[in-house]
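Below, each chain spelled out in residue letters.
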Amino acid sequence: MTVTFQLAGFLRSFSGGAREVRLEVPGATVGDALRVLGERHPGISSRVLDEQGSVRRHVNVFIGDLSIRDTGGLATPLRDGSTISLLAAVSGG
Amino acid sequence: MPTTQQIQVRRGDVVVLVGTMKGAFLFRSGPDRARFEMGGPYFPGHSVYALAYDSRAGRQRIWAASSSMHWGSVLNHSDDFGASWTTPEVPTVQFPKGAKALASIWQICPGRADEPEVIYCGVEPAALFESRDAGKSFQLVEGLWQHPHREQWQPGGGGLCLHTVVPDPKVRGRILVAISTGGVYRTEDGGRTWTVRNKGVRAEFLPDKHPEFGQCVHKVARHPGRPDRLYLQNHWGLYRSDDAGDSWQDIARGVPSDFGFCMAVHPHDAETAYIVPLESDGFRCTPEGKLRVYRTRDGGGSWHPLSEGLPQRDAFETVLRDAMGTDEEQRAGIYFGTRSGKLFASRDDGDSWTALAAGLPPVVCVRAARV
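Residues numbered from 1 in each chain as written. Chains lettered and ligands numbered in written order. Predicted model: local features only at pLDDT ≥ 70, side-chain atom pairs only at ≥ 80, totals over all residues.

For chain A, the count of helices and strands is two helices and five strands. When the helices and strands of chain A are placed in sequence order, the string is β-β-α-α-β-β-β. In summary, chain A has a C-alpha radius of gyration of 12 Å against a globular reference of 12 Å for 93 residues, a match within 12%. Taken along its principal axes, the extent of the C-alpha atoms in chain A is 40 × 30 × 25 Å. Per-residue burial over chain A gives 29% buried out of 93 residues. Long-range contacts, defined as pairs at least 24 residues apart, comprise 52% of the intrachain contacts of chain A with a sequence gap of at least 6. (Helix = DSSP H or I, 4+ residues; strand = E, 2+ residues; numbered from the N terminus. Rg over C-alpha atoms; globule rule 2.2 N^0.38 Å. Buried ≥ 20, exposed ≤ 12 C-beta atoms within 10 Å, placed from the backbone. Contact = placed C-beta atoms within 7 Å.)

Before going further, it helps to spend a moment on the pairing of strand β7 (residues 104-110) of chain B. Residue and element names in this part refer to chain B. Along β7, six of the seven residues are buried, which leaves the element largely enclosed by surrounding structure. Pairing of β7 with strand β8 (residues 119-124) involves six bridges; the strand directions are antiparallel. What sits directly across from C109, in β8, is Y120. (Pairing = 2+ DSSP bridges.)

Turning to the interface of chain B and chain A, a few remarks are in order. With 12 residues of chain B at the contact, the number on the chain A side is 17 residues. Looking at the side of chain B that touches chain A, its residues break down into seven nonpolar, three polar and two charged. (Nonpolar A, V, L, I, M, F, W, Y, C, P; charged D, E, K, R; others polar.)

Next up on the list: helix α1 (residues 30-40) of chain A. Residue and element names in this part refer to chain A. Where α1 is concerned, the buried positions are V30, A33, L34 and L37. The buried residues of α1 occupy an angular sector of 100 degrees when the element is viewed end-on, so they sit on one face. Those residues of α1 hidden inside the fold are in contact with β1 (2-7), β2 (20-24), α2 (42-48), β3 (59-63) and β5 (83-88). (Arc of directions from axis to C-beta.)

All right, on to the nonpolar core then. Counting residues in each nonpolar core, the largest one holds 111 residues, and the members touching the most others are L51 and C262 of chain B. When neighbours within four sequence positions are excluded, C262 of chain B is seen to be in contact with K219, Q233, I275, V276, V319, L320, R321, A323, M324 and F336 of chain B. In this structure, V25, L37, I44 and L78 of chain A belong to the second largest nonpolar core, which totals 20 residues. (Core = buried A, V, L, I, M, F, W, Y, C linked by C-beta atoms within 7 Å.)

Residues and elements named next belong to chain B. Residues G40 and P41 are joined by a peptide bond in cis, for which omega reads 0 degrees. Among the secondary structure elements, P41 is positioned in strand β3 (residues 37-42). In this structure, T181 follows S180 across a cis peptide bond, with omega equal to -5 degrees. On the secondary structure map, T181 appears in the loop between β12 (175-180) and β13 (183-187). Non-glycine residue S280 carries a positive phi angle of around 60 degrees. With respect to the element layout, S280 can be found in helix α2 (residues 280-283). For S280, a count of 11 C-beta atoms within 10 Å corresponds to the exposed category.

Next up on the list: the environment of H163 of chain B. All names here are of chain B. If you trace the backbone, H163 turns up in strand β11 (residues 161-167). When the C-alpha positions of H163 and Y49 are compared, they lie 9.7 Å apart, and in sequence the two are 114 residues distant. Once you skip the residues sitting within four places of it in the chain, H163 turns out to touch W106, Q107, G122, A178, S180 and R321.

The next thing to look at is the sheet that holds strand β23 (residues 324-326) of chain B. Residues and elements named next belong to chain B. The antiparallel open sheet is built from four strands, whose spatial order is β23-β24-β25-β26. Since the sheet does not close on itself, it has two edges, and those belong to β23 and β26 (354-357), each with one partner. Within the sheet, the average angular offset between the axes of one strand and its neighbour, ignoring direction, is 25 degrees. Pairing geometry for strand β25 (residues 343-346) and β26, over three bridges, is antiparallel. Bridged to A345 within β26 is T354. (Axes fitted to C-alpha atoms, helices over the stretch in contact; angles between N-to-C directions.)

What follows is about the confidence of the model for chain B. In the predicted model, chain B carries a mean pLDDT of 97, and 100% of its residues have values of at least 70. Taken together, the chains of this predicted complex give a pTM of 0.97 and an interface ipTM of 0.92. (pLDDT = per-residue confidence, 0-100.)

All names here are of chain B. Position of T193 relative to the elements: it lies in the loop between β13 and β14 (195-196). On the basis of neighbour counts, which here come to 13 C-beta atoms within 10 Å, the residue T193 falls in the partly exposed class. Taking the C-alpha atoms as reference, T193 lies 39 Å from P256; in sequence the two are 63 residues apart. If we ignore the near neighbours within four places in the chain, the residues touching T193 are G143 and T187.

Shown next as structure tokens:
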């Protein structure tokens with residue numbers, strides 16, 4: 001299936017400035033898609049996921065309008081054409 | 001994002017590296033240290049708790065650990081004084097699979113002069129990393145990570161961090177580290193085995209005031225030419241060791257408070273050290289609203305306030321554990337920054353001070369060097 005990642009501004013320094021990255025993903029979950037993204041753009045995935053493979057606490061991953069925190073985390077299923085947004089949470093100081 | 005101001009650093013300049021909660025700054029002056037200009041912010045929006053200047057093997061390299069609340073921590077370096085930075089695509093300091101996730105890098109410590117490829121990083125959660133290829137890769141120091149005490153270390157106010165790394169410049173294999181809260185540990189075999197070195201250091205916040213470990217050591221400073229001489233600023237308590245940490249003597253005589261965070265040693269005089277006492281662990285600001293550095297010139301036998309050029313009215317300041325540094329000039333430059341964003345410098349061993357900046361983000365790290 002084909003999925004599209006939409007990237008927060010900071011992450012674009014690891015995508016050559018591209019706002020979106022479109023990938024062919026053999027698996028069926030958000031975790032599968034992030035693994036493929038990590039192979040193509042390791043700088044992005046290492047900012048979204050920590051070294052143990054968990055989504056960083058202050059990073060939000062959305063499928064469409066839904067946060068994966070509410071839909072099964074990295075096991076959230078994808079459909080062909082899904083849009084995955086990788087965004088900074090509003091937390092800060 | 002703000003525009004980063006670049007500065008031209010020339011050989012022979014004195015540079016002051018300043019890490020803040022919102023980026024890093026670089027100050028430079030000519031050899032006279034009379035007038036500084038500022039560059040930065042670098043990594044705007046990211047906290048920079050650790051900076052180091054590495055001049056070994058002909059380098060002119062600044063190391064900077066930037067940390068984003070959102071995107072994690074990464075060790076960067078610049079070989080052109082901030083004009084450009086090398087940021088690894090995948091962070092080089094990472095725990096192995098199945099361990100923990102890196103929260104933050106608290107300390108960058110270039111290794112001994114005769115081991116120019118060695119660099120250490122102290123991190124949160126409390127652990128030590130070592131590079132043997134000049135920072136291209138880092139490995140977790142397993143001997144400390146597997147220490148049986150580790151599960152009992154508790155986080156201090158800043159988290160459970162290994163914030164101080166002190167390699168011995170003369171005894172190969174000897175490294176001392178400090179952990180909040182765990183205390184002081186030392187290895188004699190390059191990191192394979194570690195023994196606790198807290199004898200004499202109090203833990204005021206525990207029922208047992210002299211536990212084997214669990215002390216909240218804030219900073220340890222070693223004199224480079226006399227490496228068995230160490231000074232320690234504790235969470236309550238000032239100490240000196242003359243046996244590389246085997247034992248510690250109380251030297252809190254003549255200070256308004258023995259609570260504080262930072263500690264620095266004069267680069268050429270092992271009897272001279274600097275602290276900024278803070279009033280109580282509840283208030284954590286300078287006593288009486290006066291910003292005073294205290295200096296000992298007799299190894300902690302007595303301490304005397306240094307205030308010329310420092311605000312002495314309504315100055316409720318805090319100087320954090322790594323926010324003081326020295327250059328290596330004979331008449332030493334002493335530099336420190338405050339949590340309120342002020343930066344001060346002395347070019348006469350601390351006798352007098354001038355403000356280099358006011359209005360920086362909260363200062364968490366200060367280092368200085370002639371380049």
